[in-house]
Amino acid sequence: MALTLVIGNKNYSSWSLRGWLAMALTEAPFEELRIPLYAADSHRRLLAHSPTAKVPVLETEADGAIWDSLAIAEYLAERFPEAHLWPFGQAARAHARAICAEMHSGFVALRSHMPMDMKRNQALDGIPEEAAEDIRRICAIWSDCRRRFGQDGPYLFGHASIADAFYAPVASRLRSYAVELPGEAAAYVDTIYRWPAFQRWYQAALQETEIIE
């Protein structure tokens with residue numbers, strides 16, 4: 001069962017983190033191929049694995065390459081049903097897919113003004129209103145998920161799921177940029193940082209030496 005996940009820099013690549021956490025949720029063995037981004041040969045090396053030259057990419061032994069983090073998550077959920085990557089219950093799964101799709105296509109202002117940098121520990125000199133609006137929406141999503149589906153554990157749907165994999169990079173941004181959060185949102189950021197899989201990625205990110213301006 002040979003699986004290889006192609007990723008970018010752990011300090012900077014939020015989409016790689018999403019795919020990697022989804023892979024970690026399966027508890028299946030996999031190889032990791034890290035290709036630093038924005039280097040002179042990055043595009044050429046990435047094209048050898050992905051038609052889009054983007055990460056993450058999941059290389060499978062039988063089904064070929066799967067690119068895009070959401071497609072990877074869906075593939076893993078189907079391939080490893082016993083891991084329950086999506087929440088239990090039809091309503092919870094539908095809601096989880098909706099908020100993952102919202103993350104996948106939205107929050108452009110937050111991404112633009114607060115790019116992921118796990119080594120950072122400094123607030124912005126004022127958060128632009130469009131980014132603040134994104135943050136308010138994200139906090140509302142987290143609060144709603146915890147209230148409706150999170151009774152059985154500290155994650156968005158109780159147990160760790162694809163939804164947490166998709167929102168973990170946001171939790172990282174909010175901590176890296178020292179954003180003041182409502183109590184429930186701050187507690188969820190703490191949950192992400194206590195997640196053993198996230199901690200493995202985070203500690204590796206702190207050891208990287210590449211700097212992307």
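Preceding block: the structure.
To start, this report covers the structure provided alongside it. Values in this document were obtained by computation on a predicted structure and should not be read as measured data.

Our next topic: the nonpolar core. Ranked by size, the top nonpolar core spans 64 residues in total, and within it Trp142, Tyr167 and Phe198 carry the most contacts. Contributing elements (two or more residues each) for this core: strand 1 (3-7), helix 1 (14-26), helix 3 (69-79), helix 4 (90-105), helix 6 (129-149), helix 7 (162-176), helix 8 (183-194) and helix 9 (196-207). Of the residues forming this core, the biggest block, nine residues, is contributed by helix 7. The two domains that each donate at least three residues to this core are domain 1 (3-83) and domain 2 (90-199). Ignoring sequence-local partners within four residues, the contact set of tyrosine 167 consists of Ile99, Glu102, Met103, Phe107, Ile138, Ile141, Trp142, Leu156 and Tyr188. Leu37, Leu46, Ala53 and Val55 belong to the second-largest nonpolar core, a separate cluster that totals seven residues.

Here we come to helix 8. An ideal rise of 1.5 Å per residue puts 16 Å on twelve residues; helix 8 measures up with 17 Å between its terminal C-alpha atoms. When we look at burial in helix 8, the residues that qualify are Ala185, Tyr188, Val189, Thr191, Ile192 and Tyr193. Packing partners of the buried residues in helix 8 comprise helix 6, helix 7 and helix 9.

Across the five residues of strand 1, four count as buried, placing the element largely inside the fold. Across four bridges, the pairing between strand 1 and strand 3 (residues 57-60) is antiparallel. Following the sheet pairing, leucine 3 is matched in strand 3 by threonine 60. Here four bridges tie strand 1 to strand 2 (residues 31-34), and the two strands are oriented parallel to one another. Note on strand 2: the bridge partner recorded for threonine 4 is glutamate 31. Handedness of the crossover joining strand 1 and strand 2 through helix 1 is recorded here as right-handed.

Among the structural elements, serine 161 can be located in the loop between helix 6 and helix 7. Sequence-distant contacts of serine 161, defined by excluding residues within four places in its chain, comprise Leu25, Leu85, Pro87 and Trp195.

Here arginine 173 shows up in helix 7. Within the buried core, arginine 173 has no salt-bridge partner, and the shortest N-O distance to an opposite charge, that of aspartate 134, equals 9.2 Å. With residues near it in sequence (within four places) discarded, arginine 173 still touches Ser14, Arg18, Leu110, Arg111, Met114, Pro115 and Met116.

This next bit is on the sheet that holds strand 2. Taken together, the four strands give an open sheet; going across it, the order is 2-1-3-4, and neighbouring strands pair in mixed fashion. Here the strands that pair on one side only, and so sit at the sheet edges, are strand 2 and strand 4 (64-67). In this sheet, neighbouring strand axes are inclined to one another by 20° on average, regardless of whether the strands run parallel or antiparallel. Strand contacts of helix 1: strand 1, strand 2 and strand 3, with the helix running at about 155° to strand 1, the strand carrying the most contacts.

Thresholds applied
Positions within a chain are numbered from 1, following the residues in the order the chain's sequence is written. Residues qualify for local features only when their pLDDT is at least 70, as the model is predicted, and side-chain atom pairs are given and counted only at 80 or more; totals for whole chains, interfaces and linings, by contrast, use all residues. Side-chain measures were taken over the full set of non-hydrogen atoms in the model, leaving aside hydrogen atoms and water. Throughout, nonpolar core names a set of buried Ala, Val, Leu, Ile, Met, Phe, Trp, Tyr and Cys residues whose side chains join them through atoms within 4.5 Å. Burial classification: accessible surface area is computed with a 1.4 Å probe over protein chains only, and a residue below 20% of its type maximum counts as buried, one above 50% as exposed, and the rest as partly exposed. In DSSP terms, a helix is any run of H or I states spanning at least four residues, a strand is any run of E spanning at least two, and both are numbered starting from the N terminus. Boundaries between domains were set according to an automatic or database domain assignment. Working rule for contacts: check all heavy atoms of both residues, and any pair within 4.5 Å makes them a contact. Given the number of residues in a helix, its expected span is that number minus one, multiplied by 1.5 Å. Strands pair, by our definition, only if DSSP identifies at least two bridges between them. A crossover gets the label right-handed when its path from the first strand over the helix to the second runs clockwise, viewed with the strands pointing away from the viewer. A residue counts as positive if it is Lys or Arg and as negative if it is Asp or Glu; His and the chain ends are not included. Salt-bridge detection follows one rule: a side-chain nitrogen of Lys or Arg within 4 Å of a carboxyl oxygen of Asp or Glu. All axes are obtained by fitting lines to C-alpha atoms, using only the stretch in contact for helices, and the reported angles, taken between N-to-C directions, cover 0 to 180 degrees.

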